[in-house]
Amino acid sequence: MISVKWIGWQVGLCILLFGAGVAVGSLRVGSVSAQNKFGQPKTVLHVVVYKFKDASSENDRQKALDGIKDLARKIPGVKNIWLKTNRNQIRDFSGVYAIEFTSAETAADYAESPAHEAWAKQWEALRENSLSFQVSNP
């Protein structure tokens with residue numbers, strides 16, 4: 001037969017092991033959150049909030065956004081693009097896109113590029129308004 005002492009000892013051991021696991025787990029969570037690392041890249045982010053004209057078709061709107069992909073392929077120094085608007089706090093605006101450039105120089109080259117100028121003419125015909133921002137780090 002199993003004695004009451006033996007059962008008590010096993011229950012105590014289980015509680016001790018459980019407590020140790022909780023303690024180690026909470027230490028691990030604390031150390032992971034303390035290791036949150038971030039960078040301050042020297043890239044330039046060009047962010048545009050835009051509003052299409054009511055008369056512009058869905059097809060034309062999609063072509064304009066697809067044109068950003070074409071620009072990214074053609075213009076050196078484009079690192080990444082974002083075309084899907086997840087959240088837009090500026091009411092009545094259609095969406096947001098962003099382009100990441102490798103440097104301030106490549107962002108300036110983009111703005112003066114003949115490919116960008118051709119795309120911008122089509123874009124301006126479709127949009128009612130836009131706000132653009134460029135951000136970087138020192």
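Everything that follows concerns the structure shown earlier in this document.
Here's a quick rundown of the structure. Within each chain, residues carry numbers counting from 1 in the order of the written sequence. Reporting in this predicted model follows two pLDDT cut-offs: at least 70 for local features of residues, and 80 or more for side-chain atom pairs to be given and counted; totals over whole chains, interfaces and linings ignore these cut-offs and use all residues. Calculated side-chain values reflect all of the structure's heavy atoms, with hydrogen atoms and water omitted.

## With respect to the layout of surface pockets
Part 1 of the reasoning: The volume enclosed by the largest pocket comes to roughly 230 Å³.
Part 2 of the reasoning: Using protein atoms alone on a 1 Å grid, points that fit a 1.4 Å probe yet trap it form a cavity, whereas open point sets bounded by protein on both sides within 12 Å along at least five of seven lines form a pocket; residues with an atom within 4 Å of a point count as lining. Around the largest pocket sit 14 residues that line it, and Val47, Thr85, Arg87, Asn88 and Val96 are the ones nearest its centre.
Part 3 of the reasoning: Those elements that provide at least two residues to the lining of the largest pocket are β1 (44-52) and β3 (95-101).
Part 4 of the reasoning: Residue composition of the lining of the largest pocket, by class: eight nonpolar, four polar and two charged.
Part 5 of the reasoning: His46, Val48, Tyr97, His116 and Ser132 are the residues nearest the centre of the second largest pocket, which is lined by 15 residues in total.
Part 6 of the reasoning: For the lining of the second largest pocket, the secondary-structure elements that each account for two or more residues are β1, α3 (104-112), α4 (114-126) and β4 (127-135).
Part 7 of the reasoning: Helix numbering and strand numbering both begin at the N terminus, where a helix is a DSSP run of H or I of at least 4 residues and a strand a DSSP run of E of at least 2. Looking at which element gives the most residues to the lining of the second largest pocket, the answer is α4, with five residues. Grid points are joined across faces, edges and corners, and a volume is the space filled by probe spheres set on the points. As a working rule, the residues Ala, Val, Leu, Ile, Met, Phe, Trp, Tyr, Cys and Pro are called nonpolar, Asp, Glu, Lys and Arg charged, and the rest polar, with Gly in that last group.

## A few points about α4
Part 1 of the reasoning: The end-to-end C-alpha separation of α4 is 19 Å, in line with the 18 Å expected for 13 residues at 1.5 Å each.
Part 2 of the reasoning: Relative accessibility decides the category of a residue: with a 1.4 Å probe and only protein chains considered, values under 20% of the type maximum give buried, values over 50% give exposed, and everything between is partly exposed. Those residues of α4 lying buried are His116, Trp119, Ala120, Trp123 and Leu126.
Part 3 of the reasoning: Here, two residues are considered to be in contact whenever any of their heavy atoms come within 4.5 Å of each other. Here the buried face of α4 lies against β1, α2 (58-74), β3, α3 and β4.
Part 4 of the reasoning: Residue Ser113 occupies the N-cap position of α4, its side-chain oxygen lying 3.1 Å from the main-chain nitrogen of Ala115. Each residue after the first adds 1.5 Å to the expected span of a helix. The term polar contact refers here to a pair of N or O atoms within 3.5 Å; inside protein, the definition further demands a hydrogen-donor-capable atom paired with an acceptor-capable atom, and it admits residues adjacent in sequence only when both atoms are side-chain atoms.

## Quick look at the packing of α3 against α4
For any two helices packed against each other, one specifies the inter-axial angle together with the distance between the axes.
Part 1 of the reasoning: Running from N to C, α3 and α4 point in directions that differ by 55°, and their axes come no closer than 5 Å. Here α3 lies oblique to α4, going by the angle between them. The segment α3 lies against α4, with Tyr110, Ala111 and Glu112 engaging Pro114, His116, Glu117 and Trp119.
Part 2 of the reasoning: Considering only residue class, the contact of α3 with α4 consists of four nonpolar, one polar and two charged. All axes are obtained by fitting lines to C-alpha atoms, using only the stretch in contact for helices, and the reported angles, taken between N-to-C directions, cover 0 to 180 degrees. For this classification, under 35 degrees means roughly parallel, over 145 means roughly antiparallel, 65 to 115 means roughly perpendicular, and everything else is oblique.

## As for a nonpolar patch on the surface
Part 1 of the reasoning: Residues enter patches when they are more than 30% accessible in relative terms and free of salt bridges; like-charged ones are connected within 9 Å and nonpolar ones (Val, Leu, Ile, Met, Phe, Trp, Tyr) within 5 Å. Throughout, the Shrake-Rupley method with a 1.4 Å probe supplies accessible areas, and for residues the shown protein chains are the sole cover considered. Counted as salt bridges are all cases of a side-chain nitrogen of Lys or Arg within 4 Å of a carboxyl oxygen of Asp or Glu. Taken together, the side chains of Ile90, Leu131 and Phe133 present a nonpolar region at the surface, about 240 Å² in accessible area.
Part 2 of the reasoning: Relative to the elements of secondary structure, Leu131 occurs in strand β4.
Part 3 of the reasoning: Since its relative accessible area comes to 34%, Leu131 is described here as partly exposed.

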